[in-house]
There are 2 protein chains.
Amino acid sequence: MTKVAGKATLAMVAELAGVSSPTVSKVLNGRDDVAESTRTRVQEALATIGYESPVQRRVRAAGPPLVDFVCEGLSSAYAVEVLRGVVEHAADENIEIVLSQVSPELLRETDHEDWANRLVETGRKGLILVTSEMSEAQLLSFQRRNIPVVVIDPKSPLKDGVVSVGATNWAGGKAATDHLLGLGHSKIAYIGGPESAECHVARLHGYMAALRSNGIEIRPEYITGGGFKSDYGVTGLASFAALDDPPTAIFASSDSIAVGVIEEARRRGISIPGDLSLVGFDGTYLSRQTMPKLTTVAQPLGDMGRAALRSVLRLMAGDTLESHHVELATKLIVRDSTTAPRA
Amino acid sequence: MTKVAGKATLAMVAELAGVSSPTVSKVLNGRDDVAESTRTRVQEALATIGYESPVQRRVRAAGPPLVDFVCEGLSSAYAVEVLRGVVEHAADENIEIVLSQVSPELLRETDHEDWANRLVETGRKGLILVTSEMSEAQLLSFQRRNIPVVVIDPKSPLKDGVVSVGATNWAGGKAATDHLLGLGHSKIAYIGGPESAECHVARLHGYMAALRSNGIEIRPEYITGGGFKSDYGVTGLASFAALDDPPTAIFASSDSIAVGVIEEARRRGISIPGDLSLVGFDGTYLSRQTMPKLTTVAQPLGDMGRAALRSVLRLMAGDTLESHHVELATKLIVRDSTTAPRA
DNA sequence: CTGAAAGCGCTTACAG
DNA sequence: CTGAAAGCGCTTACAG
C-alpha cells in the first residue's frame, strides 16, 4: 500500500497494471470496452497507488474534507444541539459540514444511486444523518462507494455494518422513574412518543422496569402518547385527569411533551410540583426555560454529534470500529418540577 | 452575454480579452503579476463568456451549487435563526450550504488570497457572513474572483459594493421606547451592546430620539452596557438600583440582556412588570420562554437569512442589486413584561 | 479489446 | 507585466 498522495499519475497506474494509459482512462470513466479481467487489474492498481483524478486532487488540496449533515430542518432544538456538537468538532478537525435539509418524502423519492454518485463527484467524504428513515438500498449505495455513514438516534434498529450513535434511553427512562419512586410516588404515568420510535420503546421499558422492580403493577391507563410534540402532553394530562384514580407523577418522554403538560396543568389549576410531579426527557433549552424549571433526563446531544463525526472520520481513515452502535449516557437533572406526593 | 455553458475554453476568453492564454490562467489563479487593467479586462471576458474551470464544471454537473455560511458558532439563538432561514430558502432553490465556524482571531490570521482561492477551487459560489469583522483586503480578494458576499447585520458600515442585510435597528429602538412612553413611563433606562456595534448605536439613537421628541431629557446615568450577554443585564440593573432616582422601565438591547435583568430583579425582589417594565430586542425563543413573557422588538432573522441567500443568488446570476444594503422591518411584540408605572 | 499517436486544455518557466 | 514555447496529464480516434 504505497500511497504517495498528490503524485500518482495515470501513467504510473498503467505501468503497475501492465496496460497503457488510455486503458486506465477508460476504466476511470466507466467505459465498457474493457475486458473484465483488465478492469479488475487496473482497479487494483488504482487502489494500490491511491490514484486521484486532477479534480479530486484539486478539491482535496483546496480545502478541508466535506461531510454532509442531513436533517429534517433546524426547527427542533434537538437537531440544532446535535449540529452544534458536530460543527464544533469539525472546526477542531479541519472538516467542513454541508447542511442538507431533507424531508422524509424527498428522501424516499430520491434515486439512491444518483445521490451516492453526486456525493462522490462533489468530494463528500462522509454522511451524518439526523433523520428518520433511510432505506437499506440507500445505505448499500453509500457502502459500495466507501462513503461512511453514521446515523444519530436511529428510529429503528439498523442492519449490521451501519454505524449509529444514540443515548441510553432505557437507563434514562429507568432513572426518571426511579427518581419519582424515590420521592414516594407510586402512581406514575408515562406519556410517550410514536410507537415506531426505538427510543420511545426503550424509555417506556425503562419506566416499566423501574416500576416492576419496586413491585408496582403497570396500569395501562397510565400509559399514553403517540408523538414527541407538546400536544401529546396536553391530551395526555387531560386523559389522566379524567381517571378515577389519577397519577401523582408523570414521566414525559420529551421536554416538548412536558411543556404541554405544564400548559394544560395551568389551565386546570393543577399545581406542579404541588399536585403533580413531572419529569421530562432531552434536556434542551426548553427544560431550562419552563416555569417551574423542569426536572429532566438530559441527552448529551452535542457529544452525540461529536461522537458521530469522530466515527465518520475514523471510517474515512480506514479504521474498523469496535462497535456499530454506541450509546452515550443520559443524566437525570433534578430541578423544580418534582417533589414528594401529598400525604 | 453569450453563455455557452460547458464549452467556453480559456483560449476563447484570451481571444476576447485580447491577451494570451497564460495571462488568463494567471487571473484565474489569483496571481498578482497581472496589471490591474488587464485583470479587469480578463474578468469581463470571463463573465461575458461564462467561463468555468474544469473543476467547476465537474462540480456543477455533479450537484447543487455550494454557498458558505460563516458564523462564530451555533450557541447564539441569533445565528441559528438566521441559518434556519438560509437553509429553508436553500432547500427551495436547490442550493447546499456549507457551515463554517470561524473565530474572529482565525479570521484575522487566515491568508485572504488562500481563502478566496480555496473557495473558487472547491466550487463555492457565494458567501454569507454572520460574523463581526472582515477586513477590506479580504473582501477585495473575494471580489477579484467574482465570489458574491453578503454580510448579515454588519458591525460597522461597509464599503460600497459589499452587500449587507440588516434590520431597522433605529426604528426598533424608537418603537420600544415609544411603547414605554405610551404606557406613561418617563424614567426609561437603556442597556446596550458593545460601542463598536452599529446595531447598538442605532438602537441607542432610536431610544434617544423617542425621548427627545417627547421632551424628556436624556440622563447619562440611565445608559449603560458593553455587550449583548445576560451579564450586562445583571450589572445594568444593579447600577440602576443604586441610583437615588431609579428608572421605572428598561429597554434592553437584546433578549439575553433582558434575561439578565429578570434574574437580577428576582434576586432583589423587584417585580416585573409591577415595579419595573422591561422591553427586550431580537425576539428569539428566549423572549417566549421567560417568566413573565418578554415584550420585545423582534428582528425577522429567518427572513434576513432568506434575503441574504436571495441576494447571493442574484449576484451569482450576474444581476445588479438596487441597493448594497437592505434593512428588514423590526416589529414590537407586546407581551407581559410591560405595564403602566405605579402612580 | 488494446495501445501508439495525435490532440486538448491548462500551467509553468523564462526571455524580453 | 506579458506571451511564445515547452510541458503535463488526460482523452479521443482509430488501426490492428
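Residues numbered from 1 in each chain as written. Chains lettered and ligands numbered in written order. Predicted model: local features only at pLDDT ≥ 70, side-chain atom pairs only at ≥ 80, totals over all residues. Heavy atoms only, no water.

Looking up chain A in an unreviewed UniProt entry gives the name LacI family transcriptional regulator, with the organism given as Lysinibacter cavernae.

Some thoughts on helix α11 (residues 230-241) of chain A
Residue and element names in this part refer to chain A. Filter applied, for reference: Here a strand is any run of E in DSSP of at least two residues, a helix any run of H or I of at least four, and the numbering for each starts at the N terminus. Given a helix with a known number of residues, its expected span is that number minus one, times 1.5 Å. Relative accessible area decides the class of each residue, using a 1.4 Å probe on protein chains only: under 20% of the type maximum gives buried, over 50% gives exposed, and in between gives partly exposed. Think of the arc as the fan of directions from the helix axis to the C-beta atoms. Contacts: residue pairs with any heavy atoms within 4.5 Å of one another.
With twelve residues, α11 should cover 16 Å at 1.5 Å per step; its first-to-last C-alpha distance of 17 Å lies within 8% of that length. When we look at burial in α11, the residues that qualify are Gly 233, Gly 236, Leu 237 and Phe 240. An end-on view of α11 places all buried positions within 95 degrees of arc, on one side of the element. Buried residues in α11 make contact with β6 (188-192), β7 (223-225), β8 (249-252) and α12 (255-268).

A look at the interface of chain A and chain B
Condition: Accessible area that two parts lose when put together, with a 1.4 Å probe and added across both, is what the buried area reports. When a carboxyl oxygen of Asp or Glu is within 4 Å of a side-chain nitrogen of Lys or Arg, the pair counts as a salt bridge. Whenever two N or O atoms come within 3.5 Å, that pair is a polar contact, provided that in protein one can donate a hydrogen and the other can accept it, and provided that, for residues adjacent in sequence, both atoms are side-chain atoms.
Contacts between the two partners involve 30 residues from chain A, matched on the other side by 31 residues from chain B. Counting the surface lost from both chain A and chain B, the interface buries some 2,900 Å², and carbon and sulfur atoms represent 62% of this. At the junction of chain A and chain B, the tally comes to two salt bridges. For the salt bridge of Arg 124 of chain A with Glu 96 of chain B, the shortest nitrogen-to-oxygen distance reads 3.5 Å. Across the contact surface, chain A and chain B share eight residue pairs in polar contact (both at pLDDT 80 or more). Elements represented by at least two residues in the side of chain A that touches chain B include exactly α4 (54-62), β1 (66-71), α5 (77-93), β2 (96-101), α7 (112-121) and α13 (285-289) of chain A.

Some words on the protein's contact with DNA strand D
Our working rule: Think of it this way: one heavy atom of a residue within 4 Å of a molecule or strand is enough to make that residue near it.
As a matter of local geometry, DNA strand D sits amid 18 residues, with Leu 10, Ser 25, Arg 31 and Tyr 51 of chain A together with Thr 38 of chain B nearest to it. Within 4 Å of the protein, the atoms of DNA strand D are drawn from sugar and phosphate moieties in a proportion of 74%. A distance of 2.6 Å separates a phosphate oxygen of DNA strand D from a polar backbone atom of Leu 10 of chain A. Tyr 51 of chain A has a polar side-chain atom sitting 2.4 Å from a phosphate oxygen of DNA strand D. Residue assignment for the surface near DNA strand D shows that the elements contributing at least two residues are α2 (21-28) of chain A together with α2 (21-28) of chain B.

Topic: the relation of the copies chain A and chain B
Keep this limit in mind: Overlaid copies result from least-squares superposition on C-alpha atoms, with residues included only where pLDDT is at least 70 in both.
Rotating chain A by 179 degrees and moving it 0.0 Å along the rotation axis overlays it on chain B with an RMSD of 2.7 Å. Each copy turns onto its partner about a two-fold axis. Taken together, the interface assignments show that 100% of the residues at the interface of chain A recur at the interface of chain B, consistent with an identical surface on both copies.

Structural notes on the environment of Ala 171 of chain A
Mapped onto the elements, Ala 171 of chain A comes out in helix α9 (residues 169-182). Sequence separation of Ala 171 of chain A and Ser 53 of chain A is 118 residues, and the distance between their C-alpha atoms is 49 Å.

Some words on the protein's contact with DNA strand C
Let me state the cut-off plainly: The residue classification treats Ala, Val, Leu, Ile, Met, Phe, Trp, Tyr, Cys and Pro as nonpolar and Asp, Glu, Lys and Arg as charged. All others, Gly included, are polar.
The environment of DNA strand C is made up of 16 residues, and the closest members are Thr 38 of chain A together with Leu 10, Ser 25, Arg 31 and Tyr 51 of chain B. Each atom of DNA strand C within 4 Å of the protein was classed as base or backbone; sugar and phosphate made up 72%. Between DNA strand C and Leu 10 of chain B there is a distance of 2.5 Å, counted from a phosphate oxygen to a backbone nitrogen or oxygen. No other element matches α2 of chain A, which puts three residues into the surface near DNA strand C. Residue classes in the surface near DNA strand C are distributed as seven nonpolar, six polar and three charged.

A few points about the side chain of Arg 124 of chain A
In this structure, Arg 124 of chain A sits in strand β3 (residues 124-130). In this structure the side chain of Arg 124 of chain A is engaged in a polar contact, spanning 2.7 Å, whose partner is the side chain of Asp 68 of chain A. Among the polar contacts made by the side chain of Arg 124 of chain A, one reaches the side chain of Glu 96 of chain B at a distance of 3.5 Å. Those residues within four positions of Arg 124 of chain A in sequence are excluded, and the remaining contacts are Leu 66, Asp 68, Val 98 and Leu 119 of chain A together with Leu 66 and Glu 96 of chain B.

Thoughts on the pattern of salt bridges
If you walk through the whole model with that rule in mind, you get 30 salt bridges over all chains. Note that Asp 245 of chain B is salt-bridged to Lys 187 of chain B, the shortest N-O span being 2.8 Å. Highlighted residues: Asp 245 of chain B in the loop between α11 (230-241) and β8 (249-252) and Lys 187 of chain B in the loop between α9 (169-182) and β6 (188-192), separated in sequence by 58 residues. What emerges from the salt-bridge pattern is a single network uniting Lys 187, Arg 219, Glu 221 and Asp 245 of chain A.

Regarding the pairing of strand β1 (residues 66-71) of chain B
Residues in a regular strand project their side chains so that they alternate between the two faces of the sheet. Residue and element names in this part refer to chain B. The test is simple: Two strands qualify as a pair provided DSSP detects at least 2 bridges between them. When the strands point away from the viewer, a crossover counts as right-handed if the path from the first strand over the helix to the second runs clockwise.
Taking burial as the measure, the six residues of β1 include six buried ones, the bulk of the element. Across six bridges, β1 lies against strand β2 (residues 96-101) in parallel orientation. Note on β2: the bridge partner recorded for Leu 66 is Glu 96. Where the polypeptide runs from β1 across helix α5 (residues 77-93) and back to β2, its parallel neighbour, the crossover connection is right-handed. Two strands pair when backbone bridges link them, and β1 and strand β3 (residues 124-130) are joined in this way by six bridges, in the parallel orientation.

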